[in-house]
Amino acid sequence: MKPSPLTYHRPATLEEACETLSGTGGKVLAGGQSLIPLLSMRLAAPADLIDINQLPGLDAIDVAADSVTFGALVRHTALLGDKRASDAAPLLGRALAHVAHPTIRNRGTTVGSIAHADPASEMPAVLTLLGGEVHAVSTRGRRTIPVDDFFLGPLETALAEDELAVAVRVPRQSRGEGTAIDELARRHGDYAMAGVAARVRLSGSGSDAVIDDAAATYISAGDMGRRYDFSDVLRGTAPDDPELNARLSRAGDSARDIVDTDADIHASADYRSQLVAALTARVLGAAVADAAGMTVDTRDFHERSRS
Ligand SMILES: Cc1cc2nc3c(=O)[nH]c(=O)nc-3n(C[C@H](O)[C@H](O)[C@H](O)COP(=O)(O)OP(=O)(O)OC[C@H]3O[C@@H](n4cnc5c(N)ncnc54)[C@H](O)[C@@H]3O)c2cc1C
């Protein structure tokens, strides 16, 4: 199908984009990888489309001492290929390797994925887990929205109709912290039937290090924007403790109880719950290994990203 009639705007400056957005109540077009199919199927029918691809200064990736910030025109491919960003916040690269196929990543933006807030997408789960923030701008001014206030529900965010997300900032992974992500999809590059991103923090160092904090977020399962806490199950366990596997398995059982799943044409709710349990144990275990310095070679992710 074709989109319903609309007025196409291609502003040249951020000010012009904000004025057009505020004057028309139109939809922002970034990479178009989610919006264009919605328009074509007429599931969305805005009267105005504001293409932000001409705007200057939104394609930068800034790696600072404490954070990584990427602009609204940074394509998934650019962020995935940015070694400084992946070194500073390794979960970014690890997660982006799971996002769709190279052609979609070449056009789709990571900020657009976050603004779209699809519960089947990886990057909202990553941002929720890492505790980042979204920088927004409108004719009314600029504001920073902490991620805990950002996701209101599936496909629903705190961005007002006249607001443009200009950038997203995530904190740098600190020493003693580890992250991991994994998912199961019917075919490589498809949206996941279920996926898990996890972060673990160790206290102490060397042979005295024990798990202090453990959390996970879910893809195609659970509540949008919610961090699930597994600290009680894992706290006090050393990364090389023979008990660790049993505790990870308990964390998986606990996830099966607390993470809601739905059925769709790809999987039953019950099967999704089994995936949630198995993936939670596996991904928390990988995050513990990462925190203990047994880091996964990031080339693995870059190799996968080419397929
Ligand atoms: C076949 C296919 C498979 C895919 N598989 C996956 C997958 O496995 N995992 C995954 O995560 N994604 C997947 N995607 C989606 C892809 O990652 C998109 O790039 C992403 O969801 C949206 O980014 P975009 O830049 O294309 O946004 P657009 O499609 O341009 O916009 C999406 C929505 O976000 C809004 N928006 C975008 N940017 C901004 C902004 N800066 N400020 C305010 N609002 C904004 C738009 O108005 C629109 O409502 C897939 C897409 C396709 C077509």
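Residues numbered from 1 in each chain as written. Predicted model: local features only at pLDDT ≥ 70, side-chain atom pairs only at ≥ 80, totals over all residues. Heavy atoms only, no water.

Caption draft 1: Spatial organisation of the confidence of the model for the chain. In this model, the chain carries an average pLDDT of 94, and 96% of its residues clear a pLDDT of 70 or more. In the model, residues 297–307 has pLDDT below 50 throughout and makes 16 contacts with residues more than four positions away in sequence or in other chains. (pLDDT = per-residue confidence, 0-100. Contact = heavy atoms within 4.5 Å.)

Caption draft 2: Examining the site of the ligand more closely. Neighbouring residues of the ligand: 30 residues in total, closest V28, G32, S34, L35 and T109. G32 places a polar main-chain atom, nitrogen or oxygen, 2.8 Å from an oxygen atom of the ligand. Note that an oxygen atom of the ligand is positioned 2.6 Å from one of the side-chain N or O atoms of T109. Here the ligand loses 89% of its free accessible area of 970 Å² to cover by the protein chains. Applying the majority rule of atoms within 2 Å of the grid points places the ligand in the largest pocket. Elements supplying a minimum of two residues to the shell around the ligand: β2 (27–29), α7 (110–116) and β10 (164–171). Considering every element that reaches the shell around the ligand, the biggest residue donor is α7, with four residues. Partitioned by chemical class, the residues of the shell around the ligand number 14 nonpolar, 13 polar and three charged. (Near = heavy atom within 4 Å. Polar contact = N/O pair within 3.5 Å; in protein donor to acceptor, adjacent residues only side chain to side chain. Areas by Shrake-Rupley, 256 points an atom, 1.4 Å probe, with all protein chains shown as cover. 1 Å grid on protein atoms, 1.4 Å probe; cavity = no way out; pocket = protein on both sides within 12 Å on 5 of 7 lines; lining within 4 Å. Sits in = over half its atoms within 2 Å of the grid points. Helix = DSSP H or I, 4+ residues; strand = E, 2+ residues; numbered from the N terminus. Nonpolar A, V, L, I, M, F, W, Y, C, P; charged D, E, K, R; others polar.)

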